[in-house]
Amino acid sequence: VIRRRAWRLGWRHLCQDTGGQAFTTVELPSIDETMETGKIQEWKVNVGDKVEVGQDLCLVDTEIAEFFLDAPSEGIIAKKYAEEGEEIETGSVVTIIAPSDTNISDAIQAYEMEVGLVSAEIVGKGKMEDWSKEEVTAWLNEQDFDEAILEKLAHFTGKNLVRLSKEDAEKYFDLEGIRLYSAIEDTNEETDEDK
C-alpha cells in the first residue's frame, strides 16, 4: 500500500455580500477532471475558531490524492457543512468563514437564505417540533438571542426546543433562559394554531 503524501491546495472560494453581511464560502475543489467526490478525513479547526489566510482547515481524501484545504481569508469559522468521514461532491460548500468583526449567526443566516436553505419567513410554516436545525437558527436570530445561546443551540432541531424545560433553560442560560423558554412557548402555541 502506497501512503499518499498530504499536500496543500489553494482552491476556489466565493466571497458574498448579502445585505451588507459579508462571508466567505469554502468549496471542495475538483483537482482532476475525473474527481467527483472527496471525504473529509479530519477537521483541523472548530466552529468559532479564528483562522488566518493559508491556515489548514481540514484534510480531504480522494481516490486521486490526500490534501489540506487552506483558509482563503482570515476570520471565524461560522459553520461546518460536512462532518468527518462524510463524502461530499465537488463544488459543495465545506464551511463558511465570517469576518472577525461580524456576528457569526448573521453570516450563517445570510448565506443559508442566499442559497435557499432557510426561508425568510419561518414562523407559521409548520409546527415548531418539525423545524430543522437551520429553521431553529433562523428563528433564534429573529428573536435576537445572543451569540452564546446561538452556539449552544446550534445542533438543536425544533423537537429539541419544545422539549427544553424551564429549569434547564434557566440553568444553562440564566436570565436569557427565561426569555428563551417564554419565546419557545409562545411560538410553539402560534405554530400549533396555524396547523
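Just above, that's the structure.
What you see is a predicted model, and the numbers here were worked out from it, not measured in a lab.

(A) Inspection of the overall build of the protein chain at higher detail. Along the protein chain, the regular secondary structure elements total five helices and ten strands. Counting all 195 residues of the protein chain, 42% fall into the buried class. A separation threshold of at least 6 residues defines the contact pool for the protein chain, and within that pool the share at least 24 residues apart is 58%. Here the protein chain has roughly 10800 Å² of accessible surface; of this, 43% comes from carbon and sulfur atoms.

(B) Spatial organisation of helix H2 (residues 133-142). Three or more residues of H2 are buried, namely Val136, Thr137, Ala138, Trp139, Leu140 and Asn141. Of the residues flanking the end of H2, it is Asp144, one or two places downstream, whose phi is positive at about 60 degrees.

(C) Quick look at the packing of aromatic side chains. Here the structure, examined in full by the defined rule, presents four aromatic pairs. An angle of 55 degrees between the planes, with centres 6.1 Å apart, marks the rings of Trp131 and Trp139 as tilted. Just as Trp131 is buried, Trp139 falls in that class too. Considering the side-chain rings of Trp139 and Phe145, the 6.3 Å spacing of their centres and the 45 degrees angle between planes classify their relative orientation as tilted. Following the ring pairs from residue to residue traces out a cluster consisting of Phe23, Tyr81 and Tyr111. Above the face of the Phe145 ring, Arg179 is positioned so that its terminal group lies 4.0 Å from the ring centre.

(D) Up close: the pattern of salt bridges. Here the structure, examined in full by the defined rule, presents two salt bridges. Here Glu42 ties to Lys44 by a salt bridge, and the two come within 3.3 Å at their closest N and O atoms. On the basis of relative accessibility, which here comes to 39%, the residue Lys44 falls in the partly exposed class. One salt bridge connects Glu176 with Arg179, and the closest N-O pair in it is separated by 3.0 Å. Residue Glu176 and its partner Arg179 are both found in helix H5 (residues 166-194); the two are separated by three residues, about one turn of the helix. When its relative accessible area of 23% is taken as the criterion, Glu176 is described as partly exposed.

(E) Spotlight on the layout of surface pockets. Estimated volume of the largest pocket: approximately 450 Å³. What lines the largest pocket is a set of 18 residues, and nearest its centre among them are Val47, Ala78, Lys79, Ala154 and His155. Of all the elements in the fold, those that place two or more residues in the lining of the largest pocket are strand S8 (75-80), helix H1 (104-114), H2 and helix H3 (147-152). Across the lining of the largest pocket, the residue classes tally to eight nonpolar, three polar and seven charged. Each pocket or cavity is described by its volume, and for the second largest pocket that value is around 200 Å³. Lining the second largest pocket, in full, are Thr34, Met35, Glu36, Thr37, Gly38, Lys39, Asp61, Thr62, Glu63, Ile64 and Glu87. Of the residues forming the lining of the second largest pocket, the biggest block, three residues, is contributed by strand S4 (residues 37-43). The class makeup of the residues in the lining of the second largest pocket is two nonpolar, four polar and five charged.

(F) Local environment of the pairing of strand S7 (residues 66-70). Along S7, five of the five residues are buried, which leaves the element largely enclosed by surrounding structure. Taken together, the five bridges between strand S6 (residues 56-61) and S7 define a ladder with antiparallel strand orientation. What sits directly across from Leu59, in S7, is Phe68. Between S6 and S7, which pair antiparallel one after the other, the connecting turn spans four residues.

(G) Structural context of the nonpolar core. Core analysis: the largest hydrophobic core is formed by 18 residues, its most contacted members being Ile40, Leu57 and Val94. Every element with two or more residues in this core is listed here: S4, S6, S7 and strand S10 (93-98). Looking at this core element by element, the count peaks at three residues for S6. Phe145, Leu164, Phe173 and Ala183 belong to the second largest nonpolar core, which has 16 residues in total.

Thresholds applied
Residues numbered from 1 in each chain as written. Predicted model: local features only at pLDDT ≥ 70, side-chain atom pairs only at ≥ 80, totals over all residues. Heavy atoms only, no water. Helix = DSSP H or I, 4+ residues; strand = E, 2+ residues; numbered from the N terminus. Buried < 20%, exposed > 50% of the residue type's maximum accessible area, 1.4 Å probe, protein only. Contact = heavy atoms within 4.5 Å. Areas by Shrake-Rupley, 256 points an atom, 1.4 Å probe, with all protein chains shown as cover. Phe/Tyr/Trp six-rings, centres within 6.5 Å; stacked < 30°, edge-to-face > 60°. Lys NZ or Arg CZ within 6 Å of the ring centre and 35° of its normal. Salt bridge = Lys/Arg side-chain N within 4 Å of Asp/Glu carboxyl O. 1 Å grid on protein atoms, 1.4 Å probe; cavity = no way out; pocket = protein on both sides within 12 Å on 5 of 7 lines; lining within 4 Å. Points joined across faces, edges and corners; volume = space filled by probe spheres on them. Nonpolar A, V, L, I, M, F, W, Y, C, P; charged D, E, K, R; others polar. Pairing = 2+ DSSP bridges. Core = buried A, V, L, I, M, F, W, Y, C linked by side-chain atoms within 4.5 Å.

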